[in-house]
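Breakdown of the fold
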Amino acid sequence: MSTAQNSSQPVYQEVIAAKGRWSRRIEKGQYLKIIDLEGQQAVDFLCYSAELPIDRLNIPNTVKLNKSLYVEKNHVIYSDLAKKMFTVVQDTCGLHDTLAGCCSNEIDYVRYGVVKTQSCRANFTAELAKWSMSTSDIVSNINWFMRVTVGAHGEVEIVPSTSKPGDHVLLRAEMPIIAVISNCPQEHNAAAGFKPTPIEVSVWDQE
Ligand SMILES: [Zn+2]
């Protein structure tokens with residue numbers, strides 16, 4: 001970033017507590033910065049066109065058009081209508097997950113035998129209600145700072161993240177967006193390093 005950019009201030013800034021949730025409208029041309037404050041914290045992420053919310057994050061379009069199973073610097077996040085939603089302009093981590101989706105009470109019971117009260121799916125449902133959306137509006141999401149490996153024969157595994165304290169992504173909104181975050185409360189796998197921690201989000205008018 002240039003000196004001028006370093007001296008600028010965010011128009012909005014907030015720390016999201018461990019296991020917390022967040023959403024906000026972001027205008028075209030604004031930047032959303034997400035910081036993994038302590039490292040190894042999965043940030044489950046959804047986004048919707050603020051003008052036409054049924055047009056929303058589409059993982060297959062994003063994978064096909066970026067020609068990558070991972071999202072990282074210079075990649076674009078695409079919608080159902082193959083419109084540009086965000087461009088990743090800064091990324092100190094790389095290899096952000098598109099495959100594993102979000103945790104839920106139901107899958108955690110199946111895979112770990114635990115009955116939980118907090119999950120990304122429940123966080124998404126609660127946050128989407130603020131925008132007159134519901135559970136049925138949850139689609140496959142991006143997991144910032146979460147590492148999911150893919151083997152030569154398609155083996156998929158959630159492994160410890162390589163994200164370090166302070167790693168961040170900076171996303172430029174290419175349309176007016178409703179961005180929704182679940183700061184993953186998972187304690188039974190490596191998604192949040194077995195110990196969920198806070199993150200910081202901020203919105204900027206310039207990079
Ligand atoms: Zn989760």
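Note that the structure is a prediction, hence the values are computed from the model and not measured.

**So, the coordination of the zinc ion**
At 2.2 to 2.3 Å from the zinc ion lie its protein donor atoms, namely C103 (SG), C120 (SG) and C184 (SG). Between consecutive donor residues of the zinc ion, the sequence gaps follow C-x16-C-x63-C. On the criterion of sequence distance, the pair formed by C103 in the loop between β6 (84-91) and α3 (105-112) and C120 in helix α4 (residues 120-128) is long-range, its members being 17 residues apart. Here C103 and C120 have matching classes, each one buried.

**Let's talk about the packing of aromatic side chains**
In the structure shown here, the tally under the stated rule is three aromatic pairs. Consider the rings of F45 and F86, whose centres lie 5.9 Å apart with planes at 55 degrees: the pair is tilted. Here F45 is found in strand β4 (residues 43-49), whereas its partner F86 is found in strand β6, with 41 residues between them in sequence. A centroid spacing of 5.7 Å and a plane angle of 65 degrees characterise the contact between F45 and W144, whose relative ring orientation is edge-to-face. Taken together, the residues span a long stretch of sequence, with F45 in strand β4 and W144 in strand β7 (residues 142-144) at a distance of 99 residues. Like F45, the residue W144 is buried in the burial classification. Through pairs of rings, three or more aromatic residues link up here, namely F45, F86 and W144. The residue whose ring lies beneath R24 is Y12, and the NZ or CZ to ring-centre distance is 4.0 Å.

Rules used in this analysis
Residues numbered from 1 in each chain as written. Predicted model: local features only at pLDDT ≥ 70, side-chain atom pairs only at ≥ 80, totals over all residues. Heavy atoms only, no water. Donors = N, O, S within 2.8 Å, 3.2 Å for Na, K, Ca; no water. Helix = DSSP H or I, 4+ residues; strand = E, 2+ residues; numbered from the N terminus. Buried < 20%, exposed > 50% of the residue type's maximum accessible area, 1.4 Å probe, protein only. Phe/Tyr/Trp six-rings, centres within 6.5 Å; stacked < 30°, edge-to-face > 60°. Lys NZ or Arg CZ within 6 Å of the ring centre and 35° of its normal.

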